[in-house]
Amino acid sequence: MAVSVSGASPPMVTGSYGMAATQPFDAPAGALLVAGYAGSGGDIPVASGITWTLRKESVNKRAKLWTAPVPTAKPGLQVTLTGSNPIGGFKVWLVTGHEPGTYVGRSGANTSTTNNATVTGYAATRLGSLGFCVANEHNTTGSATARPSSTDVAEGYTMAEIFSGAGNGLFVRKAAAAAAAEQAVTFNLDAPGTAAANWEWAALEILGPADAEPPSTPPNLRVVEVTGTSLTVGWDPSTDNLGVSGYGVWLDGAKVAGP
């Protein structure tokens, strides 16, 4: 089972000098909650019977990410962000299929002044992990019809909708798991308009289960072309429970091609 985000995850909530609770959702036993805050004044999420751990925050603490395991089934769970007059947005993802125990991989945090920025969060620990990113931007001004966006899966808000003035928040996750270990995991952050932005962001990797099942042997190995100095071979794709990151070619016991 690959790590994934459940469709039961509640939508983002926003607030000014106080944050509303998320919509109720059913969290099964053994699931994982990943929570993000983009804004000012946010302290820590609160939910009945749930213990949260801050995993990553940006330099000015305007973007934060927490995780919390779900020890027992929590029907109708709601999560609230506490803090000193939080102004911004709050998002909770319900994650399943993660590795039990040590489920957090690598993380990253940085800043960018590019309006439409593609930032590198981290290098994936291994095949099958899933990435999350929270970003806060406090230079451009949006509106209800001009919110921040992303080419990744995202929800965003603009300060003009919930308070006043410039500022935006964005909650981003990858649509697909990492295809290979050490793959650079990037997140797209697009502020409203075209003016220079002031992004600060935090990113987090959630690990899928360790891959203990080898892929199938590639079927239909065949010679495609022969010349006086070379030999080209082909094969059909292998299958695997998590995915296949590449193929190697050996000749007389020595590797001659592949990762």
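Residues numbered from 1 in each chain as written. Predicted model: local features only at pLDDT ≥ 70, side-chain atom pairs only at ≥ 80, totals over all residues. Heavy atoms only, no water.

Trainee: Any details on the overall build of the protein? Residues and values, ideally.
Mentor: The number of helices and strands found in the protein is one helix and 19 strands. Its C-alpha atoms give the protein principal-axis dimensions of about 75 × 45 × 30 Å. At a minimum sequence separation of 6, the contacts of the protein that also span at least 24 residues come to 74%. In the form shown here, the protein has an accessible surface area of approximately 11,900 Å², with 52% of it arising from carbon and sulfur atoms. Positive and negative side-chain charges in the protein, numbering 14 and 18 respectively, have mean positions lying 7 Å apart. (Helix = DSSP H or I, 4+ residues; strand = E, 2+ residues; numbered from the N terminus. Contact = heavy atoms within 4.5 Å. Areas by Shrake-Rupley, 256 points an atom, 1.4 Å probe, with all protein chains shown as cover. Lys, Arg positive; Asp, Glu negative; His and termini not counted. Charge placed at Lys NZ, Arg CZ, Asp CG, Glu CD.)

Trainee: Outline the pattern of salt bridges, listing residues and values.
Mentor: The full count for this structure, using the stated rule, is six salt bridges. Note that D152 is salt-bridged to K174, the shortest N-O span being 2.8 Å. Taken together, the positions of D152 in the loop between β11 (130-137) and β12 (153-158) and K174 in the loop between β13 (168-173) and β14 (184-190) put the pair 22 residues apart, joining distant regions of the chain. Both residues of the pair, D152 and K174, count as buried. (Salt bridge = Lys/Arg side-chain N within 4 Å of Asp/Glu carboxyl O. Buried < 20%, exposed > 50% of the residue type's maximum accessible area, 1.4 Å probe, protein only.)

Trainee: Please give an account of the sheet that holds strand β15 (residues 199-206) that cites residues and values.
Mentor: Here we have five strands laid out as an open sheet, ordered β9-β15-β11-β13-β12, and antiparallel in their pairing. Two strands lie at the open edges of the sheet, namely β9 (104-112) and β12, each paired on one side alone. Here the average twist between neighbouring strands, direction ignored, is 10°. Across six bridges, β11 lies against β13 in antiparallel orientation. For A135, the partnering residue across the bridge sits in β13 and is L170. (Pairing = 2+ DSSP bridges. Axes fitted to C-alpha atoms, helices over the stretch in contact; angles between N-to-C directions.)

Trainee: So what about a nonpolar patch on the surface? Which residues, and what values?
Mentor: A grouping of L221, V223, V226, L231 and V233 is seen on the molecular surface, where their side chains present a nonpolar patch of about 490 Å² in accessible area. Residue assignment for the nonpolar patch shows that the elements contributing at least two residues are β16 (222-226) and β17 (231-234). With respect to the helices and strands, the residue V233 is situated in strand β17. Of the residues examined, V233 reaches a relative accessible area of 33% and is grouped as partly exposed. (Patch = residues over 30% accessible without salt bridge, like charges linked within 9 Å, V, L, I, M, F, W, Y side chains within 5 Å.)

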